[in-house]
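The residues making up each chain are set out below.
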Amino acid sequence: MSDNKKWFSLDLGLNNKKESSGSCGCGKSEGSCNSSPKEEELSADEFYEAAINASIGEERHRDGFEQVFDVKMDRRSAFKKLTASLLIGAGAVTTSCSVTTGSDTKEKAQIGWEEQFKGNYKLMTDEEKQGTINRLMRSYELRTDKKINMTAENAAEDVLFGYAFNISKCQGYMNCVSACVEENNQDRNSEMQYIRIHEMKDGEGFKFDKADDNYYHEVPAEGHFYMGTQCFHCDNPPCVEVCPVQATWKEEDGLVVIDYDWCVGCRYCMAACPYDGRRFNWSKPEVPENEVNKNQHYLGNRMRKKGVMEKCTFCVQRTRKGKNPACVEACPTGARIFGNLLDPNSTIRWVLENKKVFRLKEDLGTEPKFWYFMD
Amino acid sequence: MKNRTLIYSVVLLLGIFLFSCKEEGKYHSISDKIEGESKPYHGILTSEELLADTELIEITEGEHTFLIPERKGQIKSFACIECHSKPVSQMMGKDAPKAHWNIKLNHANSDAMNCATCHNGEEMNQLNTLTGKNIDFNLSYKLCAQCHSSQFEDWKGGAHGKKVAGWAPPRASNTCVNCHNPHSPSFEKRWPVQFNTKTAIERNEGLGH
Ligand code: SF4
Ligand code: SF4
């Protein structure tokens, strides 16, 4: 393990057979620990203090934007933090050092630890990215006995994703919405949907307050037109600016993504988005096992947890393999066009150059990469 | 001495400021960025694998060259001359078996269009243009383009219609008949596939309060 890691991690001795001091006192991977770790007795207040120190440390003295992820520390403070972490995760430590628990449980605990103390995905090296997706895949297998396939492709060079929506073509069928829910493992309980299709009256322009985005009658309805909204992957995204922990950011290929494991669920980004692009998990997202899309990306459709933000990722798990997003593929009318904005031969570029295109709330300067046009 | 240090630091700061300004706001808008970094994509991502199972033919229309799905292999009873061994005019009669009874022409009105507008009664394996020129079934879009010229323009550019596979090159676009039934081309009214019961409940409750 390198010395310049961006976080400190607890070695429970599963990966590392050699004597390691301070982990669980013995360094053995199985069997009992005769000597218990040296623990200082802490009062409730001290414990609280130590816990905060361990989790955010110096960062709490810094302003949101100034936060740095690689907090440097000497051996002593590292050990102090470690002690506190040990206390917080007493459960995991107990399991790990106990005689009675099997190796599966220990592995789970080990994965749990490493996941708990991993860094922000944005700052990870490719190796570290691979490490975390391996852990996530293994942990899913341990929990459900089923395998998933998770990848961590980075943005490809010379690619900037963009989207165009033909208002004259959309008939309001909502095939895109259900394809999106299935592709992206969205919570079935709360019926989360990234895409909204707004039914609007002809001749009145865009009136979102008067539009209906949850209609249920034969479509297209007489005298109405339909338009879809979702995250527009702004080139100048206000949601990214406000995140206090930098859990959401814009990738090189223009996708605005979220590290679900770094998000603290403050919902600032949701408030900052002028387009209603973000969705919050108020409860634990549930997807029936047989409906889980097992082709996942770390930044895309992998399973989320309660209390984190999510949104459309332009199906990063598909688009970084050259495919179209699920909504584009599902639309029976061809109202949705997706492609590489940097490629002058792409169809999206032809649309931008030859049709009269516009974007929503252009005056805000958010620069959405999602254009509307008409025949 | 003090002054000099001050000047140095001011110049340095200004330098940093200007430099960072340039890097940060290299482009004023997304259109500047698109223009500035535009170049034909020859990167690692391709749709080739996704297209591997589809029989495709390459067409060139104006300045656009792209792939479309081969059609003749998809038509159930091609080749037509296996039944239409004689021109239609000679086959019309009492003893010939009735065929294509399920096809109703629901495309323009009967003053403007009938079967022979597109089909060549003398040579059933071919389609024909309004002026009687033969068109291969694989290139049926050329018939549609005779009347639907604006849709044709949009389709060539990529604003109308759908891709066969992914966004990445090579470009393969579905042709007219892959989405439209040529005998009844417009899309039908139907129910949306999705209804959000949770949203409906929330909104109802919202009204009640
Ligand atoms: S649409 Fe909203 S969520 Fe998406 S990038 Fe823009 S501001 Fe962020
Ligand atoms: S909800 Fe998550 S992603 Fe959004 S601002 Fe808060 S921490 Fe950042």
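That block above? That's the structure.
Residues numbered from 1 in each chain as written. Chains lettered and ligands numbered in written order. Predicted model: local features only at pLDDT ≥ 70, side-chain atom pairs only at ≥ 80, totals over all residues. Heavy atoms only, no water.

1. Overview of the interface of chain A and chain B
Using the following cut-off: Note on contacts: a residue pair is in contact if any heavy atoms of the two residues lie within 4.5 Å. As used here, buried area is the combined drop in accessible area, with a 1.4 Å probe, of two parts when they are placed together. Salt bridge, as used here: a side-chain nitrogen of Lys or Arg that lies within 4 Å of a carboxyl oxygen of Asp or Glu. A 3.5 Å cut-off defines polar contacts: any pair of N or O atoms within that distance qualifies, except that in protein one atom must be a possible hydrogen donor and the other a possible acceptor, and neighbouring residues in sequence count only when both atoms are side-chain atoms. Strands here are runs of E lasting at least two residues and helices are runs of H or I lasting at least four, both read from the DSSP assignment and numbered beginning at the N terminus. Only Asp, Glu, Lys and Arg are considered charged in this grouping, and only Ala, Val, Leu, Ile, Met, Phe, Trp, Tyr, Cys and Pro are considered nonpolar; every other residue, Gly among them, is considered polar.
Counting residues at the interface gives 65 residues for chain A, matched by 45 residues for chain B. Summed over both partners, the interface of chain A with chain B comes to about 4600 Å²; 55% of that surface belongs to carbon and sulfur atoms. Scanning the region where chain A abuts chain B turns up 4 salt bridges. The salt bridge involving Lys355 of chain A is made with Asp154 of chain B; its shortest N-O contact spans 2.9 Å. At the junction of chain A with chain B, the criterion picks out 26 residue pairs in polar contact (both at pLDDT 80 or more). With 5 residues, helix H11 (residues 347-354) of chain A is the single largest residue contributor to the side of chain A that touches chain B. Grouping the amino acids of the side of chain A that touches chain B by side-chain chemistry returns 26 nonpolar, 19 polar and 20 charged.

2. Let's talk about the packing of helix H4 (residues 103-116) of chain A against helix H5 (residues 126-144) of chain A
All names here are of chain A. To keep it simple, the criterion reads: Interaxial angle, 0 to 180 degrees, is taken between N-to-C directions of lines fitted to C-alpha atoms, where a helix line uses only the stretch in contact. Left-handed describes a crossing whose near helix is turned anticlockwise from the far helix through less than a right angle; right-handed describes the clockwise counterpart.
Across the interface, H4 lies against H5 with an axial gap of 10 Å and an inter-helix angle of 145°. Handedness of the crossing formed by H4 with H5: left-handed. Between H4, through Asp104, Glu107, Lys108, Ile111, Glu114 and Glu115, and H5, the contact on the second element is made entirely by Thr132, Arg135, Leu136, Arg138, Ser139 and Leu142. Residue composition of the contact of H4 with H5, by class: 3 nonpolar, 2 polar and 7 charged.

3. Quick look at the packing of aromatic side chains
The condition that has to hold: Pairing of aromatic rings covers Phe, Tyr and Trp, the last counted by its six-membered ring, and requires centre-to-centre distances within 6.5 Å; plane angles under 30 degrees mean stacked, over 60 mean edge-to-face, and any other angle means tilted. Working rule: Lys NZ or Arg CZ, within 6 Å of ring centre, within 35 degrees of ring normal, means a charge sits over the ring.
Summed over the entire model, instances satisfying the criterion amount to 30 aromatic pairs over all chains. Seen from their ring centres, Phe161 of chain A and Phe338 of chain A are 5.1 Å apart, and the 25° between their planes marks the pair as stacked. Note that Phe161 of chain A is positioned in strand S2 (residues 161-166) and Phe338 of chain A in strand S10 (residues 336-340), a separation of 177 residues in sequence. Both rings, one in Phe232 of chain A and one in Tyr372 of chain A, keep their centres 6.3 Å apart while their planes meet at 80°; by these two values the pair is edge-to-face. Placement of Phe232 of chain A in the loop between strand S4 (224-229) and helix H7 (238-242) and of Tyr372 of chain A in strand S12 (residues 370-373) is noted, with a sequence separation of 140 residues between them. For Arg171 of chain B, the ring lying beneath its charged end belongs to Phe66 of chain B, and the centroid distance is 3.8 Å.

4. What to know about a nonpolar patch on the surface
To be explicit about the condition: Nonpolar side chains (Val, Leu, Ile, Met, Phe, Trp, Tyr) are joined into patches within 5 Å and like charges within 9 Å, using only residues with over 30% relative accessible area and no salt bridge. Accessibility throughout is a Shrake-Rupley quantity obtained with a 1.4 Å probe, and a residue counts as covered only by protein chains that appear here.
Together, Tyr216 of chain A together with Trp191 and Phe195 of chain B give the surface a local cluster of nonpolar side chains, amounting to about 310 Å² of exposed area. With respect to the helices and strands, Trp191 of chain B occurs in the loop between helix H8 (176-179) and helix H9 (197-208).

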